Amino acid sequence: MFDKILIANRGEIALRILRACKELGIASVAVHSTADADAMHVRLADESVCIGPPPSKDSYLNIPALLAACEITGADAVHPGYGFLSENARFAEILADHNLHFIGPKAEHIRLMGDKIEAKKTAKRLGIPVVPGSDGAVGVGDEAMAIAQQIGFPVLVKAAAGGGGRGMKVAQTAQDLALALSTAANEARSAFGDASVYLEKYLQKPRHIEIQVLGDGRGGAIHLGERDCSLQRRHQKVWEEGPSPALDAAARAKIGATVAKAMQEMKYLGVGTVEFLYEDGEFYFIEMNTRIQVEHPVTEMITGIDLVLEQIRIAAGGDLPATQDEVMINGHAIECRVNAENPVTFRPSPGKILQYHPPGGLGVRIDSAVYQGYVIPPYYDSLVGKLIVHGKTRTECLMRLRRALDEMVVDGIETTLPLFRALVRETDIIDGDYHIHWLEQYLAGQSAS
Ligand code: ADP
């Protein structure tokens, strides 16, 4: 096992990793920018190192500063969390070159899945169903039009290096294709330094369903069921739940087995998420995330498996925590991502939290690093915290979520809590009857009325 883990992240996920380290009896090192000197992860870690000024590129993405922090503190492993350097294959390799463990998958798998075109080819080869589309990158010329016509409009232009919904443009008709191609390519070039784009059939009303996997890197791999993340705004997840209201046990077992088998064949190491769109009973692979995800607590609540703790154990050479047969899905869990944003315009609302009361009681969990008097800095994402609620059934879970949302207090800044309080009372949400465009349509209706 590792002696000391450096947590190369901030906010709630840094705290989440810290909790796993404490339970495992592993010493922890927090790193922080000057803007985060008062952050909770810094206060609670055994040691902390300031690694630079507020902009992420000078601190949380600053590899030489992180290496120096490992050297100074004697850390032997690095947990990257999500975002920042978590899907940077080069970072994993540099750590290895310095005899430091990267708590994550093999660099080759991070690189493979980071290129969405290669990822799709790999998925196809491993027997995972994919969205119909171009076989590889497409140019702006006639070739793209021919492929688009073959797929059928509407088509989606996506960036090979994509992430966070950037570099994605819909072409409703042939007339829109040229503009969609050039806008997506330009966006991809400036966001990722790689302008290659590919085409996919644009699905009309799919759900976003993702399968959580865990691999030992030696050919053992299991799946831990699915999360339904269809409630999105600008391709960003807002509300996640598991199990999906749209799947039955047979469909779950079938897609889960397909994914687990693929991970066994790849000899995948650590936690990962295979993302699908699901429409008319069919699954279509869109991408794989080779890291812990924001919404991982949903799976923890329904399986009882601590994903971050297992991630650390497995990175240190440990075995999988359970066989596939031993994995049980118990009850239902929902996560709401509460952001420091205006609930109508979604304008970021950084600032000082004057009053803070996290809800509690049976089945209620808050993953957050904020506290009363904490100032949310303007430099990073706007997540205040995640409210995760578990119940024996989806109905019980919704009932509990309603009262937990009503109980929660975050004053001094604007948050998206009012949006969730409204959503949990919407008939379609209560019925589990929604798809990836539902939330945008709902928000458009709200602002019109
Ligand atoms: P990113 O890596 O930028 O998050 P993804 O490939 O994961 O991109 O897609 C993000 C979201 O975009 C999906 O959850 C879905 O809402 C939408 N999306 C992606 N591909 C398609 C498609 N072929 N048809 C319709 N919507 C899609």
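Residues numbered from 1 in each chain as written. Predicted model: local features only at pLDDT ≥ 70, side-chain atom pairs only at ≥ 80, totals over all residues. Heavy atoms only, no water.

**What about the overall build of the protein chain?**
Piece 1. The helix and strand inventory of the protein chain stands at 15 helices and 20 strands.
Piece 2. A compact globule built from 449 residues would reach a C-alpha radius of gyration of about 22 Å, and the protein chain, at 21 Å, matches this within 12%.
Piece 3. Summarising its shape, the C-alpha atoms of the protein chain cover approximately 60 × 55 × 45 Å along the three principal directions.
Piece 4. Across the 449 residues in the protein chain, those meeting the buried criterion constitute 59%.
Piece 5. Pairs at least 24 residues apart make up 65% of the contacts formed inside the protein chain by residues separated by at least 6 positions.
Piece 6. Distance between charge centres in the protein chain, computed from 45 positive and 57 negative side chains, equals 1 Å. (Helix = DSSP H or I, 4+ residues; strand = E, 2+ residues; numbered from the N terminus. Rg over C-alpha atoms; globule rule 2.2 N^0.38 Å. Buried < 20%, exposed > 50% of the residue type's maximum accessible area, 1.4 Å probe, protein only. Contact = heavy atoms within 4.5 Å. Lys, Arg positive; Asp, Glu negative; His and termini not counted. Charge placed at Lys NZ, Arg CZ, Asp CG, Glu CD.)

**Quick notes on helix α12 (residues 394–407)**
Piece 1. In this model, α12 (14 residues) spans 20 Å end to end at C-alpha, consistent with the 20 Å of a helix rising 1.5 Å per residue.
Piece 2. Residues of α12 that are buried include every one of Arg 394, Glu 396, Cys 397, Leu 398, Arg 400, Leu 401, Ala 404 and Leu 405, and no others.
Piece 3. Buried residues along α12 sit in contact with β11 (236–242), β14 (332–339), β17 (364–368), β19 (383–391), α13 (417–423) and α14 (427–431). (Expected span 1.5 Å × (residues − 1).)

**Overview of the nonpolar core**
Piece 1. Formed by 38 residues in total, the largest nonpolar core has its most connected members in Trp 239 and Leu 401.
Piece 2. Contributing elements (two or more residues each) for this core: β11, β14, β17, β19, α12, α13 and α15 (438–448).
Piece 3. Residue contributions to this core peak at five residues, all from α12.
Piece 4. Core analysis: the next-biggest nonpolar cluster, separate from the first, contains 35 residues, Ile 13, Leu 18, Val 271 and Val 308 among them. (Core = buried A, V, L, I, M, F, W, Y, C linked by side-chain atoms within 4.5 Å.)

**Re the pattern of salt bridges**
Piece 1. Evaluated as defined, the whole model comprises 36 salt bridges.
Piece 2. Across the pair Arg 365 and Asp 367 runs a salt bridge whose closest N-O atoms are separated by 2.9 Å.
Piece 3. When salt bridges with common partners are traced through the structure, they connect Glu 210, Arg 227, Lys 237, Glu 240, Glu 275, Glu 295 and Arg 337 into a single cluster. (Salt bridge = Lys/Arg side-chain N within 4 Å of Asp/Glu carboxyl O.)

**Considering the packing of aromatic side chains**
Piece 1. Evaluated as defined, the whole model comprises nine aromatic pairs.
Piece 2. Centroid distance Tyr 60 to Phe 84: 5.1 Å. Interplanar angle 25 degrees. Geometry classified as stacked. Of this pair, Tyr 60 sits in the loop between β3 (47–52) and α3 (63–73) while Phe 84 sits in the loop between β4 (77–79) and α4 (89–97), placing them 24 residues apart in sequence.
Piece 3. The exposure class of Tyr 60 is buried, given its relative accessible area of 0%.
Piece 4. On the numbers, 4.5 Å between centres and 45 degrees between planes, the contact of Tyr 278 with Phe 283 is tilted.
Piece 5. Taking relative accessible area as the criterion, Tyr 278 reaches 12% and is therefore assigned buried.
Piece 6. Among the residues examined, Phe 283 registers a relative accessible area of 9% and is labelled buried.
Piece 7. Members of the aromatic cluster, joined through ring pairs, are Tyr 60, Phe 84, Tyr 379 and Tyr 380.
Piece 8. Over the ring of Tyr 434 we find Arg 207; its NZ or CZ atom is 4.4 Å from the centre of that ring. (Phe/Tyr/Trp six-rings, centres within 6.5 Å; stacked < 30°, edge-to-face > 60°. Lys NZ or Arg CZ within 6 Å of the ring centre and 35° of its normal.)

**Notes on the site of the ligand**
Piece 1. The full set close to the ligand counts 20 residues, and Gly 165, Lys 201, His 208, Gln 232 and Glu 287 are the nearest of them.
Piece 2. Between the ligand and the protein, one listed contact pairs an oxygen atom with a side-chain N or O atom of His 208 at 2.8 Å.
Piece 3. Here an oxygen atom of the ligand sits 2.7 Å away from a polar atom, N or O, in the side chain of Gln 232.
Piece 4. A per-element tally of the shell around the ligand places strand β6 (residues 155–163) first, with three residues.
Piece 5. Looking at the shell around the ligand residue by residue, the classes come out as eight nonpolar, six polar and six charged.
Piece 6. Residues lining the shell around the ligand come from more than one domain, with at least three contributed by each of domain 2 (132–201) and domain 3 (207–448). (Near = heavy atom within 4 Å. Polar contact = N/O pair within 3.5 Å; in protein donor to acceptor, adjacent residues only side chain to side chain. Nonpolar A, V, L, I, M, F, W, Y, C, P; charged D, E, K, R; others polar. Domains from an automatic or database assignment.)

**Structural notes on the domain arrangement of the protein chain**
Piece 1. In terms of domain boundaries, the protein chain breaks down into domain 1 (4–101), domain 2 (132–201) and domain 3 (207–448).
Piece 2. Relative to domain 2, the C-alpha centre of domain 1 lies at a distance of 36 Å.

**Quick word on the sheet that holds β4**
Piece 1. Strand order in this open sheet of five strands is β3-β2-β1-β4-β5, and the pairing throughout is parallel. Edge strands, defined here as strands with exactly one partner in the open sheet, are β3 and β5 (101–102).
Piece 2. In this sheet, β5 lies alongside β4 in parallel orientation, the contact comprising two bridges. Of the residues in β5, the one forming a bridge with Val 78 is Phe 102. (Pairing = 2+ DSSP bridges.)

**With respect to unusual backbone geometry**
Piece 1. In this structure, the amide linkage connecting Phe 153 to the following residue, Pro 154, adopts the cis form with an omega of -5 degrees.
Piece 2. Its place among the elements puts Pro 154 in the loop between α7 (142–151) and β6.
Piece 3. Looking along the chain, the bond that leaves Gly 242 and enters Pro 243 is cis, with omega of -10 degrees.
Piece 4. Tracing the sequence through the fold places Pro 243 in the loop between β11 and α9 (249–266).
Piece 5. A positive phi angle, close to 60 degrees, is found at Asn 99, a residue other than glycine.
Piece 6. Tracing the sequence through the fold places Asn 99 in the loop between α4 and β5.
Piece 7. Even without glycine at this site, His 235 takes up a positive phi of about 65 degrees.
Piece 8. Following the sequence through the fold, His 235 ends up in the loop between β10 (221–233) and β11.

**Focus: the sheet that holds β6**
Piece 1. The three strands lie next to each other as β7-β6-β8, forming an open sheet whose pairing is antiparallel. Of all the strands in the sheet, the pair left with one neighbour each is β7 (166–171) and β8 (197–201). Strand-to-strand twist of the sheet, defined as the mean angle between neighbouring strand axes without regard to direction, takes the value 25 degrees.
Piece 2. The pairing of β6 with β7 spans five bridges and is classified as antiparallel. Pairing of Leu 156 across the sheet is with Val 170, part of β7. (Axes fitted to C-alpha atoms, helices over the stretch in contact; angles between N-to-C directions.)

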